[in-house]
Amino acid sequence: MYLLGYEIGSTTIKVALIRSEDNKVIGVGQYPEHDSTILSRHSGWAEQHPESWWQDLCTATRNILLQNQINPRDIGGIGIAYQMHGLVLIDENKKVLRPSIIWSDSRAVTIGKKAFKDLGEKECLENFLNSPGNFTASKLRWVRDNEPDIYDRIDKIMLPGDYIAMKFTGAVQTTISGLSEAILWDFKKKKIAKQVLDYYEISEDLIPEIVPTFAMQGTVTAEAAEMSGLVSGIPVTYRAGDQPNNALSLNVLNPGEIAATSAESGVVYGIVDRPKYDVRSRVNPFAHVNYEDNYDRIGVLLCLNGAGTQYGWMKSQIALSGRHYDDMERMASTVPIGSDELCILPFGNGAERMLDEKSINSHIMNLEFSRHSRGHLYRAALEGVAFSFVYGVNLLKELGLEVDVLRVTNDNMFQSEVFSMTIATLLDCHIEVVDTTGAIGAARAAGVANGVYSSLEDALSHVTPSIIHEPRLNQSRCNQAYSLWLSHLDKALFDIPSKANRPEVLRAKNDTLKATIEEKNKELAASAMQLHNKDEFLMEIKSTLKEVGEVASLDDQKKVLQRLITKIESKTDSDKDWESFEDQFNLLHSDFFKKLKSDFPKLSVPEAKLCMLLKMKLSTKEIANQLNLSVRGVETRRYRLRKKLQINKELDLEEFLDRV
């Protein structure tokens, strides 16, 4: 019996065939040979047609069966690994509504940042272990806001692997691991993240049925069998995101174990035994493939968007026609460590999570036409990605992950000795290269749920390193090159043009601050004026009382006291003094009383005084003290004032007065 494993990437579809009896890899293939098309209609966008994934998968399946002369009736299970964080939308007829918004698309960054702030950073990190960020839930909110006609037709949302499983089985399902990568899983409550759905105004009905990562998730339909060259009835028994699956492929399942890969994106993925998070959300914890056993296996993921994509760009745009990666490696190995001070920042593939979601793009620094060759560019490109890995792994160390050994697959940039040795030297660790791929891991995992293997450990017993890279480069020269690269990264981060720093935004912020300062100055002046008047009045009372003590006869004392009473009455109910106060208040508050009386001529003096006190932002208790009323009395006056000013129910009284 044989097991089929797939890895649905954004560049190609990989397929692997395992013979279950001896766990031997019979065949590995991919389709197409060239990189798949990524649609980018706007800067920062990245989309693909899900139908093309399925068509390429069917071609890859037919090819591997034909090449290895395998009878499809001998296939005993299917496992699926897939590019994480993508959004696939289907209607009630299971038809795709729009191209998938894939992992490298950064259009929802602003949406996720706002959600992080509004929901509460601590709340998000403690419950979801992440900011909503630029993940699947935020991408769905973008569709809701910008493509309402499409959003209204959605029956279910899916991740790319859920879509492929649906094409095989007809069943619309997802997994806890998948929901966690979409930021739709609550690790505290161990259920769907209702807070995120409610905040984004997304119905829970859009979430598919949840099935275990390892389970009988359905069987191949007759239609899928005809398209793929398989037979109906083959069970689909495993699905997981590419990075958790890559860790599984390398037998990285337990706390302290770390996997890495550098294909189109670069990833370091470490396992911890309890929920952990980075307060700045530069790394991302998700449910690992074995999380559901005891809810205690979390994979902490560090992602670099520009890794292999950058080096692939270097091959297609800089290398001579017909050159292969082996040729580039030979040329790079002739260049000294540090590439003679040529530096490349590889961040040209959208917002980088580990850089606080900034899009700084790729940069080539210190290029000298008379000094640097293609070999320098190749080595600087490899070093740029390697330095990015080191920068990111140091973030993982802050969470307590020890990095003594990195396990990596043999089908990505870790095939480069320049690349691997640079990382090993800077981190002072060993890099174990295992002869496996994500598709092979998915095939082996498929044999667990249907009983071919007794356990994951049994399925992965053949996973051993074929190459070990040790830290053999010159440590000081590597550190010097890394420090130079870091200095350029710091400068790029400091100089990055940001929407928040655009002149029009800064002018608006400045105007707002000026208005706020002016308002505060008015309030301060009004308070100072009020205190000054009180002080003057108290001095007058003190002087009069002193005069009473100096007067000998009782009649004269009565006259002085009567004069004092008259003075107090004049202060508490004097139209003349009130008019004087109005003039001063109008100076501070742009003719507030003039506008108020013009619009509401029947307003009484006590009502005008209440308006003044409200305008000064005094609390109900403070107003009660000023007017010698109870708190209830002030509330009654506020109610009557609202009716007299004819303010609608949706508007606050204070807000109304601010507009006068």
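Each remark here, short or long, concerns the structure printed above.
Small disclaimer: the values here were computed from a predicted structure and weren't measured.

S.K.: Could you clarify how one ought to interpret the packing of aromatic side chains in this entry?
M.R.: The way to describe two aromatic rings as a pair is by their centre distance and the angle between their planes. Counted under the stated rule, the structure contains 18 aromatic pairs. Seen in terms of ring centroids, Phe-135 and Phe-286 are 5.9 Å apart; in terms of plane orientation they differ by 90 degrees. Their pairing is edge-to-face. Of this pair, Phe-135 sits in the loop between helix H3 (121–128) and helix H4 (136–146) while Phe-286 sits in strand S16 (residues 284–287); the two residues are 151 residues apart in sequence, bridging distant segments of the chain. When the centroid spacing of 5.8 Å and the interplanar angle of 80 degrees are considered together, the rings of Phe-389 and Phe-414 count as edge-to-face. In this pair, Phe-389 is assigned in helix H14 (residues 374–398) and Phe-414 in the loop between strand S20 (405–409) and helix H15 (417–427), connecting sequence segments 25 residues apart. When the ring centre of Trp-45 is taken as origin, the NZ or CZ atom of Arg-107, which lies over that ring, is 3.6 Å away.

S.K.: Got a minute to help me understand the sheet that holds strand S14 (residues 258–262) in this structure?
M.R.: Adjacent strands of a sheet form backbone hydrogen bonds with each other and so pair up, either parallel or antiparallel. Pairing in this open sheet of seven strands is mixed, and the strands run S16-S17-S15-S14-S20-S21-S22 from one edge to the other. Looking at the sheet topology across the chains shown, the edges are occupied by S16 and strand S22 (465–469). Averaged over all neighbouring strand pairs, the angle between strand axes comes to 30 degrees, with direction disregarded. Where S20 and strand S21 (residues 430–434) come together, five bridges link them in parallel fashion. Among the inter-strand pairings, Val-405 is bridged to a residue of S21, identified as His-430. In the packing of helix H10 (residues 242–249) onto the sheet, contacts are made with S14, strand S15 (266–272), strand S17 (298–304) and S20, and the angle to S14 comes to roughly 120 degrees.

S.K.: Got a minute to help me understand the side chain of Gln-243 in this structure?
M.R.: Among the structural elements, Gln-243 can be located in helix H10. Each residue touching Gln-243, except ones within four places of it in the same chain, is listed here: Met-84, Thr-261, Val-267, Tyr-269 and Leu-301.

S.K.: Just checking my understanding: could you explain the pattern of salt bridges for this structure?
M.R.: Close approach of charged atoms allows side chains with opposite charge to pair. Using the criterion set out here, one finds 24 salt bridges in the structure. Note that Lys-188 is salt-bridged to Glu-126, the shortest N-O span being 3.4 Å. Within this pair, whereas Lys-188 is found in the loop between strand S10 (185–186) and strand S11 (191–192), its partner Glu-126 is found in helix H3, the two being separated by 62 residues in sequence. Note on Glu-126: relative accessible area 27%, which makes it partly exposed. When the shortest N-O distance is used, the salt bridge between Glu-654 and Arg-638 registers 2.8 Å. Of this pair, Glu-654 sits in helix H26 (residues 653–659) while Arg-638 sits in helix H25 (residues 631–645), placing them 16 residues apart in sequence.

What counts and how
As a convention, each chain's residues are numbered from 1 in the sequence order in which they are written. Per-residue local features of the predicted model are confined to residues with pLDDT of at least 70, and side-chain atom pairs are confined, for both listing and counting, to 80 or more; whole-chain, interface and lining totals are unaffected and use all residues. The side-chain values count all of the structure's non-hydrogen atoms but skip hydrogen atoms and water molecules. Here the aromatic set is Phe, Tyr and Trp, taking the six-membered ring for Trp, and pairing holds for ring centres within 6.5 Å; pairs whose planes are under 30 degrees apart are stacked, those over 60 apart are edge-to-face, and all others are tilted. Numbering of helices and strands runs from the N terminus, with a helix taken as a DSSP run of H or I at least four residues long and a strand as a DSSP run of E at least two residues long. The rule for a charge over a ring is simple: NZ of Lys or CZ of Arg within 6 Å of the ring centre, and within 35 degrees of the ring normal. Pairing between strands is defined by DSSP: at least two bridges between them are needed. In this description, a line fitted to the C-alpha atoms serves as the axis of each element, helices being fitted only across the stretch in contact, and the angle between N-to-C directions of two axes falls anywhere from 0 to 180 degrees. Only heavy atoms matter for contacts: two residues are in contact if any of them lie within 4.5 Å across the pair. Whenever Lys or Arg places a side-chain nitrogen within 4 Å of a carboxyl oxygen from Asp or Glu, that contact is recorded as a salt bridge. Exposed residues in this analysis have more than 50% of their type's maximum accessible area, buried residues have under 20%, and partly exposed residues fall in between, with area computed by a 1.4 Å probe over protein chains only.

These figures come from the coordinates and say nothing about function on their own.
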